[in-house]
Amino acid sequence: MAKPTANVENLVDQIQRGGWRPKPSREKLIPKPTGGFRPLAIGCLEDKIVQNLCGKILEAIYEPIFHRHSFGFRPGKNTHQAIARLHQEIRLRKDGCTVVEMDIEKFFNNINHEKLMELIKLRITDQHFLRLIKRMLKNSILSEDGELKLNEVGAPQGSPISPIFSNIYLHYILDQWFEDNWAAKGQIIR
């Protein structure tokens, strides 16, 4: 049996040589309270280690530019802070306030890989790192019924790197768009 340090050294060697490939993630369907199922993608330990580390790198690069009104899946931010910010905005605009609640249905599962890669390339030029990211996005999923599904779109929930992928995507597609077009007329709290 290989020692844990030997396993880590082997993983580092694979990444450095460009030979690391994620293993298929295992799908787990979680029942939703409203009906239907939420698919989670559960990767092996080595893949989770790589995803966590790449997520930390992306977080260090993108956190400084994320908008202050973005609260989802961010260090030091949470739902309670988003609600408090909403209440603050309502109190400030008590004479003329409209609140619009939106949910982007199945957002994680519908992120466009090519568009996300374009957005990531705006700040990252290292081809080796970009290749790792692309491999994570394209990782196949072993469904509960045993079918191997190719992942052509989405950042499956359950993956440690999916939250930062979603925040990068929404930063450019939603937050920046709102800032450029509507900031003078309202506030977005995401």
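Scroll up a little and you will see the structure.
One structure accompanies this document, and this report is about it. On a predicted model such as this, the values are computed, not experimentally measured, just so you know. (Residues numbered from 1 in each chain as written. Predicted model: local features only at pLDDT ≥ 70, side-chain atom pairs only at ≥ 80, totals over all residues. Heavy atoms only, no water.)

**Section: the packing of helix 2 (residues 45-62) against helix 6 (residues 162-182)**
Here's step 1: Two elements in contact, helix 2 and helix 6, have axes whose closest approach is 10 Å; the angle formed by their N-to-C orientations is 30°. On the basis of their axis angle, the class for helix 2 and helix 6 is roughly parallel. For the pair helix 2 and helix 6, the sense of crossing is left-handed. Contacts from Gly55, Leu58, Glu59 and Tyr62 of helix 2 reach helix 6 at Ile164, Phe165, Ile168 and Tyr172.
Here's step 2: Residue composition of the contact of helix 2 with helix 6, grouped by class: 6 nonpolar, 1 polar and 1 charged. (Axes fitted to C-alpha atoms, helices over the stretch in contact; angles between N-to-C directions. Helix = DSSP H or I, 4+ residues; strand = E, 2+ residues; numbered from the N terminus. Parallel < 35°, antiparallel > 145°, perpendicular 65-115°, else oblique. Left-handed = near helix turned anticlockwise from the far one by under 90°. Contact = heavy atoms within 4.5 Å. Nonpolar A, V, L, I, M, F, W, Y, C, P; charged D, E, K, R; others polar.)

**Some points on the sheet that holds strand 3 (residues 141-142)**
Here's step 1: Reading across the sheet, the 4 strands line up as 2-1-3-4 and stay open at both edges, with mixed pairing between neighbours. Two strands lie at the open edges of the sheet, namely strand 2 (37-42) and strand 4 (148-149), each paired on one side alone.
Here's step 2: Of the pairings in the sheet, the one linking strand 1 (residues 25-31) to strand 3 comprises 2 bridges and is parallel in character. Its bridge partner being in strand 3, arginine 26 is matched across the sheet by leucine 142. (Pairing = 2+ DSSP bridges.)

**Some thoughts on the side chain of serine 140**
Here's step 1: Among the secondary structure elements, serine 140 is positioned in the loop between helix 5 (127-137) and strand 3.
Here's step 2: By relative accessible area, which is 13% here, serine 140 ends up buried.
Here's step 3: Beyond its immediate chain neighbours, meaning those up to four positions away, serine 140 contacts Pro24, Ser25, Leu148, Lys149, Leu150 and Asn151. (Buried < 20%, exposed > 50% of the residue type's maximum accessible area, 1.4 Å probe, protein only.)

**Some points on the environment of glycine 18**
Here's step 1: Here glycine 18 is to be found in the loop between helix 1 (4-17) and strand 1.
Here's step 2: Its relative accessible area of 18% is what places glycine 18 among the buried residues.
Here's step 3: Along the primary structure glycine 18 and histidine 128 are separated by 110 residues, whereas in three dimensions their C-alpha atoms are 7.3 Å apart.
Here's step 4: Glycine 18 has contacts with His128 and Arg135, leaving out every residue within four places of it along the chain.

**So, helix 5**
Here's step 1: Within the span of helix 5, buried status applies to Phe129, Leu130, Leu132, Ile133, Arg135, Met136 and Leu137.
Here's step 2: On its buried side, helix 5 packs onto helix 1, helix 2, helix 4 (113-120) and helix 6.
Here's step 3: Two or three places before histidine 128, at the start of helix 5, stands the capping residue aspartate 126, its side-chain oxygen 3.2 Å from that residue's backbone nitrogen. (Polar contact = N/O pair within 3.5 Å; in protein donor to acceptor, adjacent residues only side chain to side chain.)

**Focus: the pattern of salt bridges**
A pair can form between side chains of opposite charge whenever their charged atoms are brought close.
Here's step 1: Under the defined criterion, the tally for this structure stands at 9 salt bridges.
Here's step 2: With a closest N to O distance of 2.7 Å, arginine 74 and glutamate 63 form a salt bridge. Pair noted here: arginine 74 is in the loop between helix 2 and helix 3 (79-92) and glutamate 63 is in the loop between helix 2 and helix 3, with a separation of 11 residues, a long-range link. You'll find arginine 74 and glutamate 63 in the same group, each marked buried. (Salt bridge = Lys/Arg side-chain N within 4 Å of Asp/Glu carboxyl O.)

**Structural notes on the packing of aromatic side chains**
Here's step 1: In this structure the tally under the stated criterion is 5 aromatic pairs.
Here's step 2: A centroid spacing of 5.8 Å and a plane angle of 85° characterise the contact between phenylalanine 73 and phenylalanine 108, whose relative ring orientation is edge-to-face. One end of the pair, phenylalanine 73, is in the loop between helix 2 and helix 3; the other, phenylalanine 108, is in the loop between helix 3 and helix 4, with 35 residues separating them in the sequence.
Here's step 3: Classification of phenylalanine 73 by relative accessible area gives exposed; the value is 57%.
Here's step 4: Pairing phenylalanine 107 with phenylalanine 108 gives two aromatic rings, centres 6.0 Å apart and planes at 65°, and the pair type is edge-to-face.
Here's step 5: A relative accessible area of 14% places phenylalanine 107 in the buried class.
Here's step 6: Through pairs of rings, three or more aromatic residues link up here, namely Phe73, Phe107, Phe108 and Tyr169.
Here's step 7: The cationic tip of lysine 77 hangs over the ring face of phenylalanine 71; the distance from NZ or CZ to the ring centre is 4.8 Å.
Here's step 8: Lying over the aromatic face of tyrosine 62, arginine 123 brings its terminal NZ or CZ to 5.9 Å of the ring centre. (Phe/Tyr/Trp six-rings, centres within 6.5 Å; stacked < 30°, edge-to-face > 60°. Lys NZ or Arg CZ within 6 Å of the ring centre and 35° of its normal.)

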